[in-house]
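Architecture at a glance
Letter by letter, the chains look like this.
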Amino acid sequence: MSKNETLVVNAIRVLSAEAVQKAKSGHPGMPMGCAAMAYAIWGKSMKHNPSNPNWPDRDRFVLSSGHGSMLIYSLLHLFGYGLEIEDLKQFRQFGSKTPGHPEYRHTTGIETTTGPLGQGIANAVGMAMAEAHLAAKFNRDGYNIVDHNTYVILGDGCMMEGISHECCSLAGTLKLNKLIALYDDNEISIEGDTDIAFREDVPGRFRAYGWNVIDVADANVYENVEAAIKLAKCSVDKPTLIVCHTQIGFGSPKQGMASAHGEPLGEDNLAILKKNLNWPCEEAFAVPAEVYEITSEVGQKGLAEERKWLDMFAKWANAYPELASEWAVWTDGEHLPFDPFDEELWSFEKGDATRNSSGAVLNKLSAKLPNLFGGSADLAPSNKSYMKGMGDFSAEDRNGCNLHFGVREHAMAAICNGIQLHGGLRAYCATFFVFSDYMKNAMRMSALMKLPVAYILSHDSIGVGEDGPTHQPVEHLAGLRAMPGLMVFRPADAKETTAAWVASQTMGSPTAIVTTRQNLPLYENSGREALKGGYVLIDSEKAVPDVILMASGSEVEQCVQARELLKADGIDARVVSMPCFELFEAQPDEYKEKVFPNSVRARVAVEAGVSMGWDKYTGLDGAIIAMKGYGASAPYKQLFPYFGFTAENVYEKAKALVTK
């Protein structure tokens, strides 16, 4: 290790420790232990251009151990991504560019939000899948316009989380050779030595997954890690795990100790750290000029690499103009290449289960959006998430657009986040609604990052029937609706299902499309109004109705039927379909008043889930027909009456409100 490059490595260590010390909170140990690894990536191996962090063919870097955020903030500062020393001094402070965990869209150069352990490695798997698919689509002989690696640093915590088992098993199956994971094997957790809870043979586990495994006995020497990365890049059929033996809190009196994990070193220990590292600067947050000279050379190299790529891209575009036109469409994540209100997309002849309607819309879209890229957790025949004629993505065929995730819901959702983050593709995934519990944290990360991932969640209620309460979602609608930034669509028919898909591709946020197993009617007046989240499906005959009946999904049918029963009694009812609370709440107050006049206090809401959330629309005087517990195993035509989801029950509740 040259003297000056040692300074760069130590600059990462010292800046990280100083920022945590100033903030009086944070995680100094991991950045100090991983500094040499990080320099081997950013300074010696990674293809990146700090002057253009969005270069499409840059290598991707994911810090899965997001608690060690000062590692990446130090790198972003030293390598010229726009973070200044003052930003490092504001680590973990309100409004700063250096929050406690890395946040996508918040800090330039951050490829994904990390912190929940294991999410980052799954994101990296998604990025590597995206790279492989785009390369197969666009590369031609002599023109590898998509040709980059995905690097990820993960630690013992990520290794323990179940999601890492799921995603790394799939990565091995898919032979994602452009994925290079560096394992910070420091054998320390918050509670002490990892031996208390984690004794597995990690290299053996990854070899069983189908990965290359390279062991670096001393990862505090960046040349050792650099050599391992060079070897990893030679792989043609396997992802690579580089096991880096490190010491948490390297260079400080707390080296190798659990106390170095999540608390400042202390001023005295910080002084000893600088002495042990022969750090030349006494002043806090001071960095020798030689460090910036080295890192700026890396930046100049990256600029030259991008210019070379741009020259190749121009020649490729000239040689393959049709492909270049497709590239422009695929990489435009904001605009659709077709009219989303094209009648063909909204046209249906009869009612159907909305899972079938969703499958039909998906296949219509796949003809218009060939960069749709997604699949199911081994349930595609049931949740109708397969794109016909689009091929299957596999180790043998990177061209396929249909993904087979296996029974790996948590990893599936996080992988889709990585696909979406990579750019160039529109990600979706599918499972039974009840299993959204397994995906919830990854869905939350979609919402945090504002990633327009589409989640197809079929078998939406007690309508699942015979599979019983283990498979009948009850609290799930309320749970997902509670998640800020997630659109939850529960369509009542095929046209509302189209609205859900259009929203997923145009609103710039993740969307849960919650669909039925059982058949539903096709309503005459449904359709584009569903994009307002709630609308009058069948209006009252009076200017002001006697009662408002409201529901989502399959229970709209009971409201429509109840309206006719009420009409026979001289009671005038309005039926409101509420497929998406979030979009309805985004409407102007005038519109909401038009749908739900304040003067109408008699209101009945119906949904085959828990009642939470509906009281906002029914008010203190209204009634809610909902689930009060779990379901049961029986045909749905028996379950709906048993639990009160009938037109007659809606009629009785509404009549009681009007006549009391």
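The preceding data block contains the structure.
Along each chain, residue indices are assigned from 1 in the same order as the chain's sequence is written. Totals for whole chains, interfaces and linings use every residue, but because this is a predicted model, local features are given only for residues with pLDDT of at least 70 and side-chain atom pairs only at 80 or more, for both listing and counting. Excluding hydrogens and water, the side-chain figures rest on all heavy atoms present in the structure.

**Quick look at the pairing of strand 14 (residues 511-514)**
Burial classes follow relative accessibility: with a 1.4 Å probe on protein chains only, a residue under 20% of its type's maximum area counts as buried, one over 50% as exposed, and anything between as partly exposed. The helix and strand labels rest on DSSP assignments: H or I over at least four residues marks a helix, E over at least two residues marks a strand, and numbering proceeds from the N terminus. Alternating positions in strand 14 separate into two faces, T511 and I513 on one and A512 and V514 on the other, with burial throughout. Only strands that DSSP links by at least two bridges are regarded as paired with each other. Taken together, the four bridges between strand 12 (residues 454-458) and strand 14 define a ladder with parallel strand orientation. Looking at the pairing, L457 lines up with V514 of strand 14. When strand 13 (residues 487-489) meets strand 14, the two strands line up parallel, connected through three bridges. Its bridge partner lying in strand 14, F489 is registered against I513. A right-handed crossover is one whose linking path, passing over the helix from the first strand to the second, runs clockwise when the strands point away from the viewer. In this region the chain leaves strand 13, passes through helix 19 (residues 494-506) and returns to the parallel neighbour strand 14; the handedness of that crossover is right-handed.

**Let's talk about the state of the cysteines**
Any two cysteine sulfur atoms within 2.5 Å of one another count as a disulfide. Inspection of every chain in the model, using the stated rule, returns zero disulfides. Among the cysteines around C580, which has no disulfide bond, C429 carries the closest sulfur, lying 17 Å off. Residue C580 is classed as buried on the basis of its relative accessible area, which comes to 0%.

**Examining the packing of aromatic side chains**
Pairs were defined over the aromatic rings of Phe, Tyr and Trp, the Trp ring being its six-membered one, requiring ring centres within 6.5 Å. Orientation was assigned from the angle between planes: stacked under 30 degrees, edge-to-face over 60, tilted for the rest. Summed over the entire model, instances satisfying the criterion amount to 31 aromatic pairs. Note on F313 and W316: the rings are 5.1 Å apart at their centroids and 45 degrees apart in plane angle, and the pair reads as tilted. In this pair, F313 and W316 both sit in helix 11 (residues 289-319), three residues apart, roughly one turn of the helix. The same class applies to F313 and to W316, which are both buried. An aromatic cluster is present here, built from W55, F138, W309, F313, W316, W327 and W330 joined pairwise through their rings. Over a ring means this: the NZ of a Lys or the CZ of an Arg is within 6 Å of the ring centre and within 35 degrees of the ring normal. Above the plane of the ring of F348 lies K364, whose end atom (NZ or CZ) is 4.3 Å from the centre. The ring of F581 has R481 lying over it, and the distance from NZ or CZ to the ring centre is 3.9 Å.

Remember that the coordinates give geometry; whether it matters functionally is a separate question.
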